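Here is what each chain is made of, one letter per residue.
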Amino acid sequence: MENGAARTAPAVIVAIDGPSGTGKSSTSKAVAAQLGLSYLDTGAQYRAITWWMVSNGIDTDDAHAVAAAADKPEILSGTDPARPTITVDGVDVSGPIRTQEVTSRVSAVSAVPEIRTRITELQRTIAASAGTGIVVEGRDIGTTVLPDADLKIFLTASPEARAARRSGELKGADVHTTREALIRRDAADSSRKASPLAKAGDAVEVDTTDLTLPQVIECVVTLVEEKRAGK
Ligand SMILES: Nc1ncnc2c1ncn2[C@@H]1O[C@H](COP(=O)(O)OP(=O)(O)OP(=O)(O)O)[C@@H](O)[C@H]1O
Ligand SMILES: Nc1ccn([C@H]2C[C@H](O)[C@@H](COP(=O)(O)O)O2)c(=O)n1
C-alpha cells in the first residue's frame, strides 16, 4: 500500500431484480453477508405498506384510497443481512407480511404510483447511506430505483422450478396452485404502468433453473468482485 495508507474499497451498489421465487432474497442476503455489505429487501417494504392498508380497513382495490394513505405509515428497514428487520409504526411485521392475504394484495397496492414514489424515496435514502455498499433486491431496482447501480443482475428460473421451491417452503402446498399464483403475480407486476418488473438493458441475466443456491451465490459474488476489480 503506497505510503502505508490503508486503501478502502469504494461503496458498491448491487441491484438484483427478477420474478418471484427466482432466489433474489436468499442470494442477496448471502452475497451481502459474504462481502460485508448491507442488504435491502424492497418486497418487504411493499408488503409492509400493504399490511398497514389491510390492518387499517383500506380497500386495497381502491387506488384512490390507497394513494390517499400512502404517506401515513412509518416504515423502517434494518439492513443487516444476518438479521434483516421490517417495522411499521414501531411494530415488527416480519411475520404478518408473509401471510396469504398480504401476498394476494401486494401487487395491487404496489401498482399505485403514490405508493411507489414514497417507497422509492425510502429505498434511495437507505442505499445512499450504506457505508461499504448494499445489495438491493426487488423488481425495479436496476430500471428505476438505482439506475446508476455498479452492478445489475436479473435472476430468472422456470415457473416449474420456482413453484417447486415455493411449495417446498410452504410445506404441503400444491405445486400446480403455487405455480398459477406465481404466474398471476408476475403478470400483474410486469404489466403495471408505474415502474413494472423489468430487466434493465445493462443487467446481467442469470438463469437459476438448474443451479443450486450456493452456485448462484458464487456466481453473483464473482460478478461483484470482478466489478470491484474494474474488469
Ligand atoms: N437456486 C436455487 N435452487 C433451489 N432452491 C432455491 C434456489 N434459490 C432459492 N431457492 C429457494 O427458493 C425459495 C425462494 O427463494 P427466495 O425467497 O430467495 O426468492 P425470491 O426471488 O426472493 O422470491 P420473492 O420475490 O417471492 O420474495 C427459498 O426457499 C429458497 O431457499
Ligand atoms: N422493487 C419492488 C419489490 C417488490 N414489489 C412488489 C411486487 C411483488 O409482488 C411484491 C412482493 O415482493 P416479494 O416479497 O415477493 O419480493 O412487492 C415491487 O413492486 N417492487
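Residues numbered from 1 in each chain as written. Chains lettered and ligands numbered in written order. Predicted model: local features only at pLDDT ≥ 70, side-chain atom pairs only at ≥ 80, totals over all residues. Heavy atoms only, no water.

Colleague: Got a minute to help me understand the side chain of Ser167 in this structure?
Modeller: With respect to the helices, strands and loops of the structure, Ser167 is situated in helix H7 (residues 159-169). One polar contact links the side chain of Ser167 to the main-chain carbonyl oxygen of Ala163, over a distance of 2.8 Å. (Helix = DSSP H or I, 4+ residues; strand = E, 2+ residues; numbered from the N terminus. Polar contact = N/O pair within 3.5 Å; in protein donor to acceptor, adjacent residues only side chain to side chain.)

Colleague: How should I be thinking about unusual backbone geometry in this particular structure?
Modeller: If a residue is not glycine, its phi is most likely negative; likewise, a peptide bond is most likely trans. The backbone phi angle of Asp89 is positive, close to 50°, even though this residue is not glycine. Here Asp89 shows up in the loop between strand E4 (85-88) and strand E5 (91-92). With a phi close to 30°, Ser195 is a non-glycine residue in the positive phi region. On the accessibility criterion, Ser195 (15% relative accessible area) is buried. (Buried < 20%, exposed > 50% of the residue type's maximum accessible area, 1.4 Å probe, protein only.)

Colleague: Would you mind showing me how to read the nonpolar core here?
Modeller: Grouped burial of nonpolar side chains is what soluble globular proteins tend to show. Counting residues in each nonpolar core, the largest one holds 21 residues, and the members touching the most others are Ala48, Ile49, Met53, Val66, Ile75, Ile86 and Ile115. If you list the elements that add at least two residues to this core, you get helix H2 (42-55), helix H3 (63-68), E4, helix H4 (100-110) and helix H5 (113-128). Here this core gets 6 residues from one element, more than from any other, and that element is H2. With residues up to four places along the chain from it excluded, the contact list for Met53 reads Ile58, Thr60, Val66, Ala69, Ala70 and Ile115. (Core = buried A, V, L, I, M, F, W, Y, C linked by side-chain atoms within 4.5 Å. Contact = heavy atoms within 4.5 Å.)

Colleague: Looking at this model, I keep getting lost on the packing of helix H1 (residues 24-35) against helix H9 (residues 213-228). Mind explaining?
Modeller: Packed helices, taken two at a time, are described by their axes: the angle between them and the distance between them. In contact at an axis separation of 9 Å, H1 and H9 are set at 50° when each is read in the N-to-C sense. Considering the angle they form, H1 stands oblique to H9. Here H1 runs over H9; the crossing is right-handed. Residues Ser26, Thr27, Ala30, Val31, Gln34 and Leu35 of H1 touch H9, and the partners they reach there are Leu213, Val216, Ile217, Val220, Val221, Val224, Glu225 and Arg228. For the contact of H1 with H9, the residue count by class is 9 nonpolar, 3 polar and 2 charged. (Axes fitted to C-alpha atoms, helices over the stretch in contact; angles between N-to-C directions. Parallel < 35°, antiparallel > 145°, perpendicular 65-115°, else oblique. Left-handed = near helix turned anticlockwise from the far one by under 90°. Nonpolar A, V, L, I, M, F, W, Y, C, P; charged D, E, K, R; others polar.)

Colleague: Any chance you could explain the site of ligand 1 here in plain terms?
Modeller: Lining the immediate surroundings of ligand 1 are 17 residues, of which Lys24, Ser25, Ser26, Arg166 and Leu211 lie closest. For ligand 1, a nitrogen atom lies 2.9 Å from a polar atom in the backbone of Leu211. The backbone of Leu213 places a nitrogen or oxygen atom 3.4 Å from a nitrogen atom of ligand 1. (Near = heavy atom within 4 Å.)

Colleague: Can you walk me through the confidence of the model for the protein in this structure?
Modeller: Per-residue confidence for the protein gives a mean pLDDT of 94; residues scoring 70 or more make up 94%. Within the model, pLDDT remains below 50 along residues 1-5, and this stretch shows 2 contacts once partners closer than five positions in the same chain are excluded. Reported confidence for the predicted complex is 0.98 by ipTM and 0.95 by pTM. (pLDDT = per-residue confidence, 0-100.)

Colleague: I would appreciate a short explanation of the sheet that holds strand E2 (residues 38-41) in the present structure.
Modeller: Consider a sheet: its strands pair through backbone hydrogen bonds, and that pairing is either parallel or antiparallel. Across the sheet, 5 strands lie side by side as E2-E6-E1-E7-E8; this open sheet has parallel pairing. Of all the strands in the sheet, just E2 and strand E8 (204-207) have a single pairing partner and so form its edges. Across this sheet, the average inter-strand angle for adjacent strands is 20°, counted without regard to direction. Summarising the sheet, E2 and strand E6 (residues 133-138) pair through 4 bridges and their orientation is parallel. Among the inter-strand pairings, Leu40 is bridged to a residue of E6, identified as Val136. Packed onto the sheet, H9 meets strand E1 (12-17), strand E7 (151-156) and E8 and runs at close to 165° relative to E7. (Pairing = 2+ DSSP bridges.)

Colleague: How do you make sense of the site of ligand 2 when you look at a structure like this?
Modeller: Taken together, 16 residues surround ligand 2, and among them Arg47, Arg116, Asp140, Arg185 and Asp189 come closest. Between an oxygen atom of ligand 2 and a side-chain N or O atom of Arg47, the distance comes to 2.7 Å. Between ligand 2 and the protein, one listed contact pairs an oxygen atom with a side-chain N or O atom of Arg185 at 2.8 Å. Contact with the protein chains hides 97% of the accessible area of ligand 2, taken as 450 Å² for the molecule alone. Every element with two or more residues in the shell around ligand 2 is listed here: H2, H4 and helix H8 (175-191). Here the shell around ligand 2 is composed, by residue class, of 3 nonpolar, 5 polar and 8 charged. (Areas by Shrake-Rupley, 256 points an atom, 1.4 Å probe, with all protein chains shown as cover.)

Colleague: Teacher, can you tell me more about the pairing of E4 here?
Modeller: Two faces belong to every sheet, and in a regular strand the side chains alternate between them. Relative to E4, strand E3 (residues 75-78) is paired through 4 bridges, and the arrangement is antiparallel. Bridged to Leu76 within E4 is Thr87. The loop that links E3 with its antiparallel partner E4 comprises 6 residues. Relative to E5, E4 is paired through 2 bridges, and the arrangement is antiparallel. By the bridge assignment for E5, Val88 is matched with Val91. The turn joining E4 and E5, which pair antiparallel and follow one another in sequence, is formed by 2 residues; a positive phi near 50° is taken by Asp89.

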